[in-house]
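# Understanding the architecture of this molecule
Given next are the chains, with one letter for each unit.
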Amino acid sequence: MAGAVLALALGRKGRRVIVLERAATPALNGADVLKPAGIAVLRSLGLLESVLARGGRKRTSVQIFHDGTRVAELDYRRDLDEGNYFILAPYALVLTSVLEALKELPEVTYLTSQEVTSLQRDGSWVMGMQTSGRGLLRARYYVGADGAMSWVRAQIGIEVQRQTYAQKLYFAKFPAVASVDELNRLYVDSSGALAYFYPVGFDAFRAVLGFEEAEGDRLVSATAEVLQARVRSFASQSQDAVAALTELAGFARIPVARMHAAEYGRGNVALLGDAIHNVHPITGQGMNLSIEDAGELACCLDEALEPGARGSASWLERYRVRRWPINEAVVQYGHGLCSSLKDREQFIASFDRQMQASRRGGLAPQARQQQ
Ligand SMILES: Cc1cc2nc3c(=O)[nH]c(=O)nc-3n(C[C@H](O)[C@H](O)[C@H](O)COP(=O)(O)OP(=O)(O)OC[C@H]3O[C@@H](n4cnc5c(N)ncnc54)[C@H](O)[C@@H]3O)c2cc1C
């Protein structure tokens, strides 16, 4: 996602970009939520209509429950003074919109099934890279948009600490039901469990369940009835969604981690998206942060590509200064929220409407308008 959006933003500025995707078809992971900060970037790239036309669904509020009791409601129309909705749009849908737009840009070459086998280095500057399909490629700048296990990050020597959460998340899709159609509801309980139900398009809903590892392992070998009884104990307003749940063994299990790199690149190499930060999905902002990083990095690289800017390292520092405070705030916010599930008062205190809704005002001292 991050690499494709960056290529689009740079291509629109007339810059030549090659995207090398390792997979035969791009990864389609579980991200489903676009929030105002990510929407702003997509709007600036003229993609919003395409995302909505492909089935992205606008929503304005989410209710939050602890041990079955409603403790908060986030209403984007009431709580935000800008960007008054979010969009439920699966990663695949958003990525398809970006890739379709890339096809219109002769400046951008998007290649799949490409393995980068080595980097040619001169200190912290990369001079070229050896690829499996295209031989040696040379560029002025290189970007690692290669996800949480970033190969590029390792090659340029940036070390990160990933802390895996005890809670595991499970994702599955089911036919639409009335309560989910009506409203997004997020439930947590004081045993550290989580259930989030939201629509995917108009015919289906996503169930995201979270359990601490031992309970998750036990429930994976239990029947659908046992799982439903467990979720029903705290998902008080979503009985039709709970009744639709099948055995947990059929869900995709996702380990969740927290990570934020201190450096966002070295020399003429930048990193973005999951390669520099992993946030807890309870924030619903991993895909958004990747898109926001891409919007900012495109501005910084565009400046660096101006003739007089050759050799300047300040573009990388500008990018880091503008993005680091925002990314750090979201990583910490997600950590605080998911660590507070067992304590109702602490959970309520940790829930921050502005952060949850991706409002960035005041977080980055030099944040600029998306162009
Ligand atoms: C189950 C799940 C649910 C999520 N839910 C949400 C959500 O609701 N909202 C939200 O905002 N975020 C969510 N996220 C997070 C979000 O999906 C990620 O933060 C986002 O996809 C990161 O984008 P990215 O482009 O940085 O990385 P990725 O999407 O991981 O893309 C990395 C790409 O790099 C490619 N690649 C990797 N290594 C190489 C290599 N060596 N050479 C070439 N290519 C390579 C991969 O094939 C992949 O296409 C969720 C994530 C998961 C797993």
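Residues numbered from 1 in each chain as written. Predicted model: local features only at pLDDT ≥ 70, side-chain atom pairs only at ≥ 80, totals over all residues. Heavy atoms only, no water.

### So, the site of the ligand
Using the following cut-off: Residues are labelled near a given molecule or strand when at least one of their non-hydrogen atoms is within 4 Å of it. Polar contacts here mean pairs of N or O atoms no more than 3.5 Å apart (in protein, one a potential hydrogen donor and the other a potential acceptor; neighbouring residues in sequence count only if both atoms are side-chain atoms). Helix numbers and strand numbers start at the N terminus; a helix is a DSSP run of H or I with at least 4 residues, a strand a run of E with at least 2. Residues are sorted three ways: Asp, Glu, Lys and Arg are charged, Ala, Val, Leu, Ile, Met, Phe, Trp, Tyr, Cys and Pro are nonpolar, and all the rest, Gly among them, are polar.
Around the ligand, the structure places 26 residues, and the nearest of them are Ala-2, Glu-21, Tyr-91, Asp-274 and Met-287. In the environment of the ligand, an oxygen atom lies 3.5 Å from a nitrogen or oxygen atom belonging to the backbone of Gln-285. The side chain of Ser-290 places a nitrogen or oxygen atom 3.1 Å from an oxygen atom of the ligand. Considering every element that reaches the shell around the ligand, the biggest residue donor is helix H11 (residues 286-304), with 4 residues. When grouped by side-chain class, the residues that make up the shell around the ligand number 12 nonpolar, 9 polar and 5 charged.

### Quick word on helix H1 (residues 2-12)
The condition is simple: Note on classification: 1.4 Å probe, protein chains only; a residue is buried when its accessible area is under 20% of the maximum for its type, exposed when over 50%, partly exposed between these limits. By definition in these notes, contact holds between two residues if any of their heavy atoms fall within 4.5 Å.
With 10 of 11 residues buried, H1 lies mostly within the body of the structure. Along H1, the positions that sit buried rather than exposed are Ala-2, Gly-3, Ala-4, Val-5, Leu-6, Ala-7, Leu-8, Ala-9, Leu-10 and Gly-11. On its buried side, H1 packs onto strand S1 (17-20), helix H2 (36-44), helix H5 (91-103), strand S7 (108-111), strand S11 (142-144) and H11.

### Comments concerning the pattern of salt bridges
Stated precisely, the cut-off is as follows: The term salt bridge refers to a side-chain nitrogen of Lys or Arg lying within 4 Å of a carboxyl oxygen of Asp or Glu.
A complete count under the given rule lists 22 salt bridges for this structure. Arg-77 serves as the salt-bridge partner of Asp-75, at 3.4 Å between the closest nitrogen and oxygen. Given a relative accessible area of 13%, Asp-75 falls into the buried group. For Arg-77, a relative accessible area of 52% corresponds to the exposed category. One salt bridge connects Asp-217 with Arg-253, and the closest N-O pair in it is separated by 3.4 Å. Of this pair, Asp-217 sits in helix H8 (residues 213-220) while Arg-253 sits in strand S17 (residues 252-254), placing them 36 residues apart in sequence. Residue classification places Asp-217 among the partly exposed positions, given a relative accessible area of 40%.

### Observations regarding the packing of aromatic side chains
Note the cut-off: In summary, the pairing rule links any two rings of Phe, Tyr or Trp, Trp by its six-membered ring, whose centres are within 6.5 Å, and it sorts them by plane angle into stacked for under 30 degrees, edge-to-face for over 60 and tilted for everything else.
Counted by the stated rule, this structure contains 10 aromatic pairs. Arranged with centres 6.3 Å apart and planes meeting at 50°, the rings of Tyr-170 and Phe-211 form a pair that is tilted. Of this pair, Tyr-170 sits in strand S13 (residues 167-175) while Phe-211 is found in strand S16 (residues 204-212), placing the two residues 41 residues apart along the sequence. Taking the relative accessible area as the measure of exposure, Phe-211 reaches 0% and is therefore buried.

### Details of the sheet that holds strand S19 (residues 265-266)
The test is simple: Here, any two strands with at least 2 DSSP bridges between them count as paired. For helices, the fitted line uses only the C-alpha atoms of the stretch in contact; every axis is such a line through C-alpha atoms, and the angle between N-to-C directions lies from 0 to 180 degrees.
Strand order across the open sheet formed by 3 strands is S11-S20-S19, with mixed pairing between neighbours. Every other strand in the sheet has two partners, leaving S11 and S19 as the edge strands with one partner each. With 3 bridges joining them, S11 and strand S20 (residues 269-271) adopt parallel strand pairing. The partner of Gly-144 across the bridge, within S20, is Leu-271. On the sheet, helix H12 (residues 314-338) packs against S19 and S20 and is oriented at approximately 10° with respect to S20.

### Side note on the side chain of Arg-57
Turning to its location among the elements, Arg-57 is positioned in strand S3 (residues 57-59). For Arg-57, a relative accessible area of 9% translates into the label buried. Within the structure, the side chain of Arg-57 is placed 2.9 Å from the side chain of Asp-181, a separation counted as a polar contact. When near neighbours in sequence (up to four residues on either side) are disregarded, Arg-57 contacts Phe-86, Ile-87, Leu-88, Asp-181, Pro-199, Gly-201 and Phe-202.

### Quick notes on the domain arrangement of the chain
Inclusion rule: Throughout the structure description, domain borders are defined by an automatic or database domain assignment. As used here, buried area is the combined drop in accessible area, with a 1.4 Å probe, of two parts when they are placed together.
Along its sequence, the chain is carved into domain 1 (2-54 + 89-162 + 257-356) and domain 2 (166-246). On a C-alpha basis, the centroid separation for the pair domain 1 and domain 2 is 30 Å. Contacts between the two partners involve 9 residues from domain 1, matched on the other side by 15 residues from domain 2. In total, about 960 Å² of surface goes out of reach between domain 1 and domain 2, with carbon and sulfur atoms giving 69% of it. A per-residue breakdown of the area domain 1 buries against domain 2 is headed by Asp-32, Leu-341 and Lys-342, which together make up 51% of the total. For the interface between domain 1 and domain 2, the tally reads 2 salt bridges. One salt bridge in this structure joins Glu-212 and Lys-342, with 3.0 Å as the shortest N-O distance.

### Notes on the nonpolar core
Heads up, the rule is: Here, nonpolar core means buried Ala, Val, Leu, Ile, Met, Phe, Trp, Tyr and Cys residues that are tied together by side-chain atoms lying within 4.5 Å of each other.
Counting residues in hydrophobic clusters, the biggest one holds 62 residues, and the most contacted among them are Leu-34 and Trp-315. Residues in contact with Trp-315, not counting those within four places in the same chain, are Tyr-141, Gly-267, Asn-268, Val-269, Ala-270, Leu-297, Cys-300, Leu-301 and Ala-304.

### Considering the environment of Ser-113
With respect to the helices and strands, the residue Ser-113 is situated in the loop between S7 and strand S8 (116-122). Excluding its chain neighbours within four sequence positions, the residues that come into contact with Ser-113 are Glu-21, Arg-22, Ala-23, Ala-24 and Ser-132.

### With respect to the side chain of Arg-230
Note that Arg-230 resides in helix H9 (residues 224-232). With near-sequence residues (within four places) excluded, Arg-230 lies in contact with Asp-189, Ser-191, Ala-193, Phe-211, Glu-215 and Leu-219.

### Things to note about the pairing of strand S15 (residues 194-200)
Along S15, 7 of the 7 residues are buried, which leaves the element largely enclosed by surrounding structure. Here strand S14 (residues 184-188) pairs with S15 via 4 bridges, running antiparallel. Note on S15: the bridge partner recorded for Tyr-187 is Ala-195. Counting the residues in the hairpin turn of S14 and S15 gives 5 residues, including Gly-192, whose phi is positive at 90°.

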